[in-house]
Amino acid sequence: MKTKADTVIIGAGILGLSTAYNLTRRGVRDLVVIEQGYLAAGASGRNGGGIRQQWATEVNVRLMQQSVAICKRFAKELGVNVWFRQGGYLFLARSPLEQERLERNTALQNSCAVPTRMLSPAEALKIVPDLNLDGIVAAAYNPSDGVLFPWPFLWGYAQGAARHGAEIHTFTEVTGLEKKGGGYLVRTNRGDVECGRVIVAAGAWSPRILRFLGVELPNHPVKHEIMVTEPLKPFLRPMVSVLQSGLYFSQSMRGEVVGGITMRKEERSLDFSSTLEFLGEMAAAVCELMPRLGELKVLRQWAGPYDVTPDGNPLLGEPDGLPGLYLNCGFMGHGFMMAPIVGKLYAEWLTGGAQHELFKRCTLQRFKAGAIETEDMNIG
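Here we summarise the structure given alongside this text.

**Description of the overall build of the chain**
The helix and strand tally for the chain stands at 10 helices and 18 strands. Whereas a compact globule of 380 residues would reach a radius of gyration of roughly 21 Å, the chain reaches 21 Å, a difference of no more than 12%. In terms of its C-alpha atoms, the chain occupies a principal-axis envelope of roughly 65 × 40 × 40 Å. For the chain, the residues scored as buried account for 57% of the 380 residues in total. For the chain, the share of sequence-separated contacts (at least 6 apart) that also reach a separation of at least 24 residues comes to 74%. For the chain, the exposed surface amounts to about 15,500 Å²; the carbon and sulfur share of it is 52%.

Right, dumping it as structure tokens:
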């Protein structure tokens, strides 16, 4: 590992790698990416792969329109097939209040040229014929949302960054971070690197990195579990999600049903072990909504961390007193789908381009100022 670099990115998840790729594309070739495990070991390799434009704020809708566009050309640009399939997202509401939220969000998304439409339960049944819609009052469906395979998404960005000169070091743990002159000294178990700029994209592990500099970040990990079943003949096009329970599931191109659910008991943990409690809640919710899946065998389940902030918005930009150190974390469970556009916008800003409003609104300083606006990052 080189001992000096222009930029060091801590964390080779999708946010770190997207930022690395876009920086190298814009001429920042003296760049080192440090990852404590293997590629896809963390949250980026442990999610459901959903990419959607159904959001509750215009800025997020616009960002995700650009992310979807990047995903559509990813295979051609990076030379890696990520199996991006635009089968849509179908959100199901069980109460009039949830229906009102979907209607409000649909109007916003339509104003941004996203083709979301409200559906009656009968219309939703035409899209997914096997649903049990007892208790469902309405649905929202956008056919241009989709799902991709997370692992090659990371590998593609990593290979692209490496082709343009970046060094990516896996199984390399950061053991210290110090200010040195006008830059920083990143200490690792494989040697130290001096650099002018550090980007902390370590997800739920980011607070540990900032503590080396005496800074406490407000984000924390929340354990989230997912399971995958034996394959079936393809029958399910969209990602299906129930607002009330947080249940979601889709079918991969190989036929497996993949999904998760919001657990009633939140566990703040970086523990990746699987639990029977999750499997029980997931099975009950899936079988209620789609009884035909009751006979399916679960092949595998796993866990990963959501990177949760108090107001549901990410942590970006430079903390006070740390010029040249940039945060790129706190994206709840949605950093994976936002990473393509966030990495691009970060690279544009750090190479002299305009600063997107996202970076102005999501600084760490907002918590000190008390100007916090809570936003529902799921569907709103």
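**What to know about helix 3 (residues 96–111)**
End to end, helix 3 covers 23 Å across 16 residues, agreeing with the expected 22 Å (1.5 Å per residue, within 8%). The set of residues buried in helix 3 consists of E98, R101, L102, N105, T106 and Q109. Taken down its axis, helix 3 places every buried residue within 135° of arc, on the same side. Among the exposed residues of helix 3, those oriented more than 90 degrees off its buried face are P96, L97 and S111. Where helix 3 is buried, its residues meet helix 2 (58–78), strand 4 (89–93), strand 5 (117–119) and strand 6 (138–142). At the exit of helix 3 stands A113, carrying a positive phi of roughly 70°.

**Observations regarding the packing of helix 1 (residues 14–25) against helix 5 (residues 150–163)**
Between helix 1 and helix 5, the least distance of the axes is 8 Å, while the angle of their chain directions is 30°. The angle between helix 1 and helix 5 falls in the class roughly parallel. Between helix 1 and helix 5 the crossing geometry is left-handed. Across the interface between the two elements, I14, L17, S18, A20, Y21 and T24 of helix 1 pack against F153, L154, Y157, A158, G160 and A161 of helix 5. Of the residues contributing to the contact of helix 1 with helix 5, the split by class is 9 nonpolar, 3 polar and no charged.

**Considering the sheet that holds strand 4**
Judged by pairing direction, the sheet is mixed, and its 8 strands sit side by side in the order 5-6-4-13-14-15-12-16 without closing on themselves. With partners counted over all chains shown, the strands left at the sheet margins are strand 5 and strand 16 (298–308), one partner each. Each neighbouring strand pair of the sheet contributes to a mean axis angle of 20°, computed without reference to strand direction. With 3 bridges connecting them, strand 5 and strand 6 associate as antiparallel partners. The residue of strand 6 that forms the bridge with R117 is Y141.

**Examining the packing of aromatic side chains**
Summed over the entire model, instances satisfying the criterion amount to 16 aromatic pairs. Summarising the aromatic geometry, the rings of F74 and F153 are spaced 4.8 Å apart at their centres and angled 55° between planes, so their arrangement reads as tilted. In this pair, F74 sits in helix 2 while F153 sits in helix 5, placing the two residues 79 residues apart along the sequence. Of the two residues, F74 and F153, both sit in the buried class. Note on Y326 and W349: the rings are 5.6 Å apart at their centroids and 85° apart in plane angle, and the pair reads as edge-to-face.

**A look at unusual backbone geometry**
Within the chain, A40 stands out as a residue other than glycine whose phi angle is a positive 80°. On the basis of relative accessible area, A40 is assigned to the buried category, the value being 11%.

**Examining the pattern of salt bridges**
Under the counting rule described, the total for this entry stands at 15 salt bridges. As a salt-bridge pair, K180 and E194 come within 3.0 Å of each other at their nearest N and O atoms. Taken together, the residues K180 in strand 9 (residues 174–180) and E194 in strand 11 (residues 191–200) connect sequence positions 14 residues apart. Since its relative accessible area comes to 41%, K180 is described here as partly exposed. Residue K223 pairs with D271 through a salt bridge whose shortest N-O separation is 3.4 Å. Residue K223 is found in strand 12 (residues 220–229), and its partner D271 is found in the loop between strand 15 (257–260) and helix 7 (276–289); the two are separated by 48 residues along the sequence. Sharing partners across several salt bridges, the network here consists of R25, R73 and E77.

**Notes on the side chain of R46**
Tracing the backbone shows R46 in the loop between strand 2 (31–34) and strand 3 (50–51). In this structure R46 is buried but unpaired, with D271 as the nearest side chain of opposite charge at 9.0 Å. Of the polar contacts made by the side chain of R46, one reaches the backbone oxygen of A303; its length is 2.9 Å. When neighbours within four sequence positions are excluded, R46 is seen to be in contact with Y38, A41, I226, F272, W302, A303 and G304.

**With respect to the packing of helix 2 against helix 5**
Packing of helix 2 against helix 5 leaves a shortest axis separation of 11 Å and a crossing angle of 50°. Of the possible angle classes, the one that applies to helix 2 and helix 5 is oblique. In this structure, helix 2 meets helix 5 at a crossing whose hand is left-handed. From helix 2, I70, C71, F74 and L78 reach across to helix 5, where they touch P152, F153, G156, Y157, G160 and R163. Across the contact of helix 2 with helix 5, the residue classes tally to 7 nonpolar, 2 polar and 1 charged.

Calculation criteria
Residues numbered from 1 in each chain as written. Predicted model: local features only at pLDDT ≥ 70, side-chain atom pairs only at ≥ 80, totals over all residues. Heavy atoms only, no water. Helix = DSSP H or I, 4+ residues; strand = E, 2+ residues; numbered from the N terminus. Rg over C-alpha atoms; globule rule 2.2 N^0.38 Å. Buried < 20%, exposed > 50% of the residue type's maximum accessible area, 1.4 Å probe, protein only. Contact = heavy atoms within 4.5 Å. Areas by Shrake-Rupley, 256 points an atom, 1.4 Å probe, with all protein chains shown as cover. Expected span 1.5 Å × (residues − 1). Arc of directions from axis to C-beta. Axes fitted to C-alpha atoms, helices over the stretch in contact; angles between N-to-C directions. Parallel < 35°, antiparallel > 145°, perpendicular 65-115°, else oblique. Left-handed = near helix turned anticlockwise from the far one by under 90°. Nonpolar A, V, L, I, M, F, W, Y, C, P; charged D, E, K, R; others polar. Pairing = 2+ DSSP bridges. Phe/Tyr/Trp six-rings, centres within 6.5 Å; stacked < 30°, edge-to-face > 60°. Salt bridge = Lys/Arg side-chain N within 4 Å of Asp/Glu carboxyl O. Lys, Arg positive; Asp, Glu negative; His and termini not counted. Polar contact = N/O pair within 3.5 Å; in protein donor to acceptor, adjacent residues only side chain to side chain.

Interpretation in functional terms is not warranted from these geometric data alone.
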